[in-house]
Amino acid sequence: MAQAPRCRGVERQARQKFARTILNTPSVQVCDSTASMIVRKFGLRQSRQLLALTRQTPISRRFLSTEFETPVANPATEVQTPPKETIVPSENPLHEVVQASRTQKTAEAEAWGRWVGQRRKFNRIGSEVEEAYDPEMVIRSPPRPSDITLELLLASGTHLGHSTSRWNPQNSRYIFGIREGVHIISLDATAAYLRRAAKVVEEVAARGGIILFAGTRKGQKRAVVRAAELAKGYHIFERWIPGALTNGQQILGHCETMVVNAVDEKLEEFKRDLADRPSVKPDLVVCLNPLENVVMLHECGLNNVPTIGIIDTDADPTRVTYPIPANDDSLRATDLIVGILGRAGQAGQKRRLEAAQEGKTTYKPITAEQLRLDPFTGVLPGSEQKKQF
Amino acid sequence: MARPTYGIVQAMQSLRLYSPSSYRLAAPALRRQARGYATETGNTTGDVQSSSDLPPTDLPSTEPPATELSSTQPPSAAPPLAEAPPSEIPPAVKAAPEINFDRFNAQPARIVPASPSYFSGSPRFIDNVLKLESLQAKYASLPTVGAGEAPRMAWFKLAQFRDYVGEPVPMKKYKSLLKILQRLNRIQPEMVPGEVRSELNNFLRPGNPYAAQNVPRTVDENGRARAKGKRKESTAVVQLVEGEGEIMVNGKSLVEMFQRVHDRESALWALRSTQRMDKYNAWITVKGGGVTGQAEAITLAIARALLLHEPGLKPVLRKAGVITVDARRVERKKPGHVKARKMPTWVKR
Amino acid sequence: MASAWCWSCLSRLRPTPRAILPPPAVTPRITSAPFHSTAVQYANPTKKKSSLVATKYRQGQVLKRKKKAKTERARPPAVGERKALRKRIVLSNPNALEVEGMKDLSPETMVDSRLRGSVVGLPVPMLERLRAVQAFKPKQGWSIFRRPGTVLRRDTIEMGRLFEKISGDGDAPEKGKVIKKIITGMKGSGKTVHLLQAMTMGFLKNWVVITVPDARDLVSGDTAYSPVEGSKPTQYVQPNAVSALLTRTVEANRQVLSTLKVSQKHPGLSGLKPTSTLEDLAKLGFQDAAIAWTVFQALWTELNATAAAPGMENNFEARPPMLVAVDGLAHWMTETAYRDADFKPVHAHDLIFVQHFLSLLKSGQSLKNGGMLLYATSTSNNPSNYSLEVGLNQLAARQAGIAPTSEEYPQPEAYSNPNARVLDLFKPATGKESALELQTLGGLARDETRGFLEYFAHSGLLRESVNEEWVGEKWTLSGGGIIGELEKLGRHVRTAAQPVAQPVAAAN
């Protein structure tokens, strides 16, 4: 399975690829036949030593993936690889440590430095594993809304619904059919609604809205935090505190807020005006698991906060403003969806900042006078007469 | 492995549209193509899905929805997505007045939360956790030492940590944070990165409680060995000097203190079992508890003091059972019980 | 007209079936014939009363139980028998081994410092006299040895030397001196045995020995007392106690007293002849308790006489020195169980008997012919007495060289209200001679301990080899050689039974 030959029927290959992706099995891709031969032979020759080496030293997968993208890579791959649009991989974080260990020269540091050097050397040789599914990448550099394809969604398993007995009939319009007693969500609907949601997120971000990403299930933490990071939004991955919106002053009153200018720089001089302000409310809430966060969605409804939610076949689509019919029980699916929304938010933020660079705001900014007024009465703190009218 | 793949490549390959070299360059066009294909697939499968099907977004946007774009425009002539101008910027008729950016940047625009974890209710704690977790992931591959060899660090106590972050953090959550701190602390000491070190220092109690290494006790310059012992509720302090076997307990003689011969013998068992009874004088202060407890507290204290004089006696004393601390204490009485564990007699009626 | 009833009818009346009838034992006997033909209905037989008498509602139940029938038991101990058993003093244990080579206490051995630490036997002829002065106390462990013996400790030998000097064997300057000592020490330190040794030495040296074996007997209210006419403040005499004292004295000192003749005039004593001995004089007292106190006073003047009264010189012999031994001094420093006419407690110093002996302690040559006053405190059945404590502390301080005017001199605490009469006793002596001394008995030294424990071993009580280490251990365990504790340890030692050679020598 791992060394499947390339010259096969398209259909079968596609099926295999699909299966591999589903099963997270890495497949070795060698494009050019001659090059493949050379590389393979080299790999065969070296593989035993390599295996022995890797067995001696525990190498974590994550480390390998970062190491591969270091600028030390040979120029051939550099030409082939287009410039990274998404995230420029930061410099090797361990560089500093390596330097430090080199200067110190203790036994452990030396052994470790040797190991790093060896790995860097040996990782360049051998066969090149490509197109393997790496669950990390959907968190590190999630796809953009424009990358949404049915295949992507299918591969991520967004189409899998719940057992038919558990369905919510309001979702019948999103359901494609039944397979082995399980509802299959229509990927067309998923893609369309996901694009619409991405658009909503992007536009809210472009208008300086506060976007809250909420995924309170186990394992959703990293994706949620990453999406919030991309979209310059806010995240919540633990329990939603009931009343955080309806009773915000009590629950979030002690949490710090700040006044920023159009280019998101903090303005310290308005700090004292923030003293008696009500707590900040989000302008858009993205919820990965609406079933568990009914309270949050209800509070959003009370506060006129639009919501986006992943609606599985057993969820109530009317709980959220913008449903995304998809599987919410697979981390892969939710990571993908929240990543896409995070990307959309990133695009929106970029637009907003670009406009700000030109001296424009895409929203109505709060003025210094408004900041100075009492937020509840709308008068200046000193003037009591106006208050009576 | 090197590039992000989400199944899109497989999909394109199945359409024979993909070659690894041209994937990125041809991406925009391909994307459009793929999207169109996807929509077509949706149509062919019979699931009727058109733009009118979608609920309209409530945001004012001049940009047409993506579905419309894909269905109406041919793939080759598609302009890039970013071309769509933002609606807020009107077409320029004449040159706008110059913007004073100093003034613009000094104007407030928005009130936003200071932390991305604002809505969790404890933003500072969660920010700390996230920061430490990112550090842990970043330096996961550095060699570590065993938990016992790592330098001992005095982390904040829970109350101190609550003061530090200013949020009511529950014990359980703080323990999970401590776990990360301890893992970071286990990095090979000479290889700890600077940022890790500075971050760990944020969570240390002020002062260094573990700086004072307790010095092993010795016989002092006057030849006295001082040691303490406890048993039950009693505490004994013994000053042992070389001498002829004279024992004073609380300024009284041994006989006045312990009427029972058994108590006297047990108090001096350390000296007796090593046959040092006539080689040392002891000045003992004992308080609390009863006669037996006091006698056995003295046993322990004398044994410890004797060890200071003659460390070689340890195996003998160990075997004699006089340097084993008896940590048993009276169990407290509980409500609903007659004694510590005894329950009242069960009565049918 | 004949009646409807006739005798035959009556006779034909059927008797009631037996089953219906109540049991015959319960039925009252019916002497007359039944008149009616209906079955006889008797009241139900009365039930046996249960032990718990059920009474009406809201009334308590009364437990009535039969008393157990008294069974005849063995004869109860006679009055005083159990006390006699408790106070019995056994001086010999035939099962204990005879210690070979044990010396007797004699005028030679009692000053022999080479014998220090060894146990010397009390001379057998002396035992009866010692018993008479009640020198032995129960629970002193006499009963575990073959014959009574005491350790010659340092204090004993020093005391022996004093006896020698006062007796004036070697024309010592101390001849005829009075030594006044108060003996203290912790429990089991051998104070009473020290007195015993003193008495033995007194007997050996032919002194007159007068003892008060238990000071408590005089204050516990057990003997009769009566006020002395015309005394101010009222003093009380205890005739029976004096009589007992005279008995003791005569029993113990018969040898000496029978040789001494009366040398003074005693107008109060009519039955006294000029030729009668002091024994006869004392016998007057214990024959008639009413004049016991007068007799004792007469005897005291006789014993303290340095010269005969005019006209009686022919029979005068020099009086021997005297030993006065009192045990349990603290009892004489408190209020007694006696009451005066106003039902106020009588202080011990108001008892004329007690006052006589306490006045001997005061400064001056209280015994004209010399001698020794040994007053021991006791730690068993001992009243706590703050005044005495202060007095003894002051005495100790003076002995340590602290001047009564100095700051360190112990003073009674403010508001502690000590008894002035008690404190007076311990006032610093005016004359240089015969000042009151305090002797504190401590533990035995190590070599003395060893000798003592070897005595146990020789007596067959101890089956361990007595070596230096073992002795040191026992010495420490006994709180530094406290002899009472050592005796306890010596008899507590239990070792595994070892084959011991039969005491063939002893049997032979």
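Everything quoted here is computed from the prediction, not taken from an experiment.

Enquirer: How would you sum up the sheet that holds strand β5 (residues 182–185) of chain A? Please name residues and give values.
Expert: Residue and element names in this part refer to chain A. With respect to topology, three strands assemble into an open sheet ordered β3-β5-β4, the strand pairing being antiparallel. Every interior strand has two partners, whereas the edge strands, β3 (160–163) and β4 (175–179), have only one. Direction aside, neighbouring strands of the sheet carry axes that sit 30° apart on average. The pairing of β3 with β5 spans two bridges and is antiparallel. Residue pairing in the sheet places L160 in a bridge with I184 of β5.

Enquirer: Talk me through the nonpolar core; I want residue IDs and the actual numbers.
Expert: When a protein is soluble and globular, its nonpolar side chains tend to lie buried together. Membership of the largest hydrophobic core comes to 138 residues, with the highest contact counts inside it found for I298(B), I302(B) and M199(C). When residues no more than four places from it in sequence are discounted, the contact partners of M199(C) are L130(C), V133(C), A135(C), V209(C), T211(C), L323(C) and A325(C). Counting residues in hydrophobic clusters, the runner-up holds 75 residues, among them L252(A), I308(A), V320(A) and Y118(B).

Enquirer: Can you tell me about helix α13 (residues 446–458) of chain C, naming the residues and giving the values?
Expert: Residue and element names in this part refer to chain C. For α13, with 13 residues, the first-to-last C-alpha span of 18 Å sits near the 18 Å given by 1.5 Å per residue. Within α13, burial applies to E448, T449, R450, G451, F452, L453, Y455, F456 and H458. Where α13 is buried, its residues contact β3 (119–121), β4 (149–151), α14 (468–477) and α15 (483–492). G460 sits one or two residues past α13 and shows a positive phi near 85°.

Enquirer: Account for the pairing of strand β10 (residues 307–311) of chain A, with residues named and values stated.
Expert: Residues and elements named next belong to chain A. Among the five residues of β10, five are classified as buried, and the element is accordingly described as predominantly covered. Taking every second residue as pointing to the same face, both faces of β10 are buried, with T307, G309 and I311 on one and I308 and I310 on the other. Examined bridge by bridge, strand β9 (residues 284–287) and β10 share three bridges and lie parallel to one another. Counted as the bridge partner of C287 is G309 from β10. Where the polypeptide runs from β9 across helix α12 (residues 294–302) and back to β10, its parallel neighbour, the crossover connection is right-handed. Judged from the four bridges that link them, β10 and strand β11 (residues 322–325) form a sheet pairing that is parallel. Within β11, the position partnered with G309 by the bridge is P323.

Enquirer: Lay out the environment of L194(A) in plain terms, naming residues and giving numbers.
Expert: Take L194(A): it is sitting in helix α9 (residues 187–206). Considered as a pair, L194(A) and P323(A) are 129 residues apart in the sequence and their alpha carbons are 8.3 Å apart.

Enquirer: Which residues make up unusual backbone geometry, and what are the values?
Expert: In this chain, K232(C) is followed by P233(C) through a cis amide linkage whose omega measures -5°. With respect to the helices and strands, P233(C) occurs in the loop between β7 (226–227) and β8 (236–237). Even without being glycine, E131(A) reaches a positive phi, approximately 55°. Mapped onto the elements, E131(A) comes out in the loop between β2 (129–130) and α7 (137–140).

Enquirer: For the interface of chain B and chain C, give the residues involved together with the corresponding values.
Expert: With 15 residues of chain B at the contact, the number on the chain C side is 15 residues. Where the side of chain B that touches chain C is concerned, the elements lending two or more residues are α9 (254–257) and α10 (261–267) of chain B. A per-class count over the side of chain B that touches chain C returns six nonpolar, three polar and six charged.

Enquirer: Pulling in residues and values, what's your account of the packing of helix α4 (residues 154–167) of chain C against helix α5 (residues 191–204) of chain C?
Expert: Residues and elements named next belong to chain C. Direction vectors running N to C along α4 and α5 enclose 30°, while the axes themselves pass 10 Å from each other. Judged by the inter-axis angle, α4 sits roughly parallel to α5. In this structure, α4 crosses over α5, and the sense of that crossing is right-handed. Here D155, T156, M159, G160 and F163 of α4 come into contact with α5, specifically with H194, Q197, A198 and M201. Within the contact of α4 with α5, the residues separate by chemical class into four nonpolar, four polar and one charged.

Enquirer: Lay out the confidence of the model for chain A in plain terms, naming residues and giving numbers.
Expert: Note that predicted coordinates carrying low pLDDT should not be read in detail. All names here are of chain A. In the predicted model, chain A carries a mean pLDDT of 79, and the fraction of residues at 70 or more is 71%. Across residues 1–11, confidence stays below pLDDT 50; counting only partners more than four residues off in sequence or on other chains, it has nine contacts. Long-range and interchain partners of residues 14–37, a stretch whose pLDDT sits below 50, account for 35 contacts in this model, where long-range means more than four residues apart.

Enquirer: Quick rundown of the confidence of the model for chain B? Include the residues and the values.
Expert: Residues and elements named next belong to chain B. Of the residues in chain B, 73% reach a pLDDT of 70 or more, and the chain-wide mean stands at 79. Across residues 1–5 the pLDDT falls below 50, and counting only partners more than four positions away or on other chains, this stretch makes 13 contacts in the model. Every residue in residues 14–86 is under pLDDT 50, and counting partners more than four places away or in other chains gives 77 contacts. Model confidence for the complex is summarised by a pTM of 0.55, with the ipTM given as 0.73.

What counts, and where the lines are drawn
Residues numbered from 1 in each chain as written. Chains lettered and ligands numbered in written order. Predicted model: local features only at pLDDT ≥ 70, side-chain atom pairs only at ≥ 80, totals over all residues. Pairing = 2+ DSSP bridges. Helix = DSSP H or I, 4+ residues; strand = E, 2+ residues; numbered from the N terminus. Axes fitted to C-alpha atoms, helices over the stretch in contact; angles between N-to-C directions. Core = buried A, V, L, I, M, F, W, Y, C linked by C-beta atoms within 7 Å. Buried ≥ 20, exposed ≤ 12 C-beta atoms within 10 Å, placed from the backbone. Contact = placed C-beta atoms within 7 Å. Expected span 1.5 Å × (residues − 1). Right-handed = clockwise from strand over helix to strand, strands pointing away. Nonpolar A, V, L, I, M, F, W, Y, C, P; charged D, E, K, R; others polar. Parallel < 35°, antiparallel > 145°, perpendicular 65-115°, else oblique. Left-handed = near helix turned anticlockwise from the far one by under 90°. pLDDT = per-residue confidence, 0-100.

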